[in-house]
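Descriptive structure summary
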Amino acid sequence: NAGVTQTPKFQVLKTGQSMTLQCAQDMNHEYMSWYRQDPGMGLRLIHYSVGAGITDQGEVPNGYNVSRSTTEDFPLRLLSAAPSQTSVYFCASTPVAGPGTGELFFGEGSRLTVL
Amino acid sequence: AQSVTQLGSHVSVSEGALVLLRCNYSSSVPPYLFWYVQYPNQGLQLLLKYTTGATLVKGINGFEAEFKKSETSFHLTKPSAHMSDAAEYFCAVSSAGNQFYFGTGTSLTVIP
């Protein structure tokens with residue numbers, strides 16, 4: 001089983017460039033989310049989606065856009081990259097958009113460096 | 001609102017010694033609590049979770065955690081550390097709507 005697949009695994013950008021981090025899951029999960037992981041700060045929620053066509057902001061949404069046109073895909077867009085967005089990004093999904101009892105399934109991460 | 005505090009960003013134990021990783025939470029509603037493990041250059045994977053019922057929860061690789069409501073704690077333990085346990089461990093709490101809140105993580109080093 002593929003699970004949650006993230007691409008690319010590594011990316012270097014220059015300040016001001018734009019890019020999209022891709023996330024796809026093949027488990028038919030309703031809920032998908034994006035986190036960033038920074039040293040000493042744990043994982044912080046950027047955006048999440050409880051189903052196709054529905055997205056919402058998390059803890060640190062500024063500088064990022066998302067869309068959810070299908071159940072499987074949840075891309076994260078950086079419109080104008082800044083050095084503060086240098087981080088490791090994780091996509092995660094869970095089966096139900098409900099009371100939070102489900103396990104989060106994580107991708108392997110995308111390491112982004114903004115120069 | 002929910003939040004998680006993990007005491008100790010780095011913990012070192014000798015191989016065969018007890019592992020104790022501390023987690024305290026804040027939640028305005030009955031919490032759902034999780035421990036995740038992250039090995040180098042990998043994503044997070046679930047170790048164990050507490051939702052309802054028995055407060056002592058057993059997970060994979062010999063880990064367990066006890067939900068103590070009176071202490072708002074969910075500490076992770078393992079009786080005997082193995083070299084393969086060296087990793088980053090994250091405590092998390094979730095709420096309605098599947099908002100997961102993670103602690104800042106504890107890096108576990110196992111000394112041979």
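Rules of the game
Residues numbered from 1 in each chain as written. Chains lettered and ligands numbered in written order. Predicted model: local features only at pLDDT ≥ 70, side-chain atom pairs only at ≥ 80, totals over all residues. Heavy atoms only, no water. Helix = DSSP H or I, 4+ residues; strand = E, 2+ residues; numbered from the N terminus. Rg over C-alpha atoms; globule rule 2.2 N^0.38 Å. Lys, Arg positive; Asp, Glu negative; His and termini not counted. Charge placed at Lys NZ, Arg CZ, Asp CG, Glu CD. Pairing = 2+ DSSP bridges. Axes fitted to C-alpha atoms, helices over the stretch in contact; angles between N-to-C directions. Phe/Tyr/Trp six-rings, centres within 6.5 Å; stacked < 30°, edge-to-face > 60°. Buried < 20%, exposed > 50% of the residue type's maximum accessible area, 1.4 Å probe, protein only. Core = buried A, V, L, I, M, F, W, Y, C linked by side-chain atoms within 4.5 Å.

**Looking at the overall build of chain B**
Helix and strand counts for chain B come out as zero helices and 11 strands. Helices and strands appear in chain B in the N-to-C order β-β-β-β-β-β-β-β-β-β-β. Computed over its C-alpha atoms, the radius of gyration of chain B comes to 13 Å, within 12% of the 13 Å expected for a compact globule of 112 residues. With the C-alpha coordinates aligned to their principal axes, the bounding extent of chain B is approximately 40 × 30 × 20 Å. Between the centroid of the 6 positive side chains of chain B and the centroid of its 6 negative side chains there is a distance of 8 Å.

**Here's the deal with the sheet that holds strand 3 (residues 19-25) of chain A**
Either a parallel or an antiparallel arrangement is found when strands of a sheet pair, and the pairing is made through backbone hydrogen bonds. All names here are of chain A. Across the sheet, four strands lie side by side as 1-3-8-7; this open sheet has antiparallel pairing. The sheet terminates laterally at strand 1 (4-7) and strand 7 (64-66), the two strands that pair on one side only. Each adjacent strand pair in this sheet contributes to an overall mean axis angle of 20 degrees, direction not counted. Bridge count between strand 1 and strand 3: four bridges; the pairing is antiparallel. Along strand 3, the bridge assignment pairs Thr5 with Ala24.

**Quick notes on the sheet that holds strand 8 (residues 73-78) of chain B**
All names here are of chain B. With respect to topology, five strands assemble into an open sheet ordered 1-3-8-7-6, the strand pairing being antiparallel. Across the chains shown, the open sheet's two edge strands, defined by having one partner strand only, are strand 1 (3-7) and strand 6 (56-58). Within the sheet, the average angular offset between the axes of one strand and its neighbour, ignoring direction, is 20 degrees. Taken together, the five bridges between strand 1 and strand 3 (residues 19-26) define a ladder with antiparallel strand orientation. Paired with Thr5 across the strands is Asn24, a residue of strand 3.

**Description of the packing of aromatic side chains**
Scanning the model with the defined rule gives 13 aromatic pairs over all chains in all. When the centroid spacing of 6.2 Å and the interplanar angle of 40 degrees are considered together, the rings of Tyr35 of chain A and Phe106 of chain A count as tilted. Residue Tyr35 of chain A is located in strand 4 (residues 31-38), and its partner Phe106 of chain A is located in strand 10 (residues 105-106); the two are separated by 71 residues in the primary sequence. Tyr35 of chain A sits in the buried class, given a relative accessible area of 0%. Following the ring pairs from residue to residue traces out a cluster consisting of Tyr35, Phe90 and Phe106 of chain A together with Phe34, Tyr36, Phe100 and Phe102 of chain B.

**Examining the nonpolar core**
For soluble globular proteins, nonpolar side chains are generally found buried alongside one another. Ranked by internal contacts, the top residues of the largest apolar core, which has 27 residues, are Trp35, Leu48, Leu76 and Tyr89 of chain B. Listed by contribution, the elements that provide at least two residues to this core are strand 2 (10-14), strand 3, strand 4 (32-38), strand 5 (44-50), strand 7 (64-68), strand 8, strand 9 (87-94) and strand 11 (106-111) of chain B.

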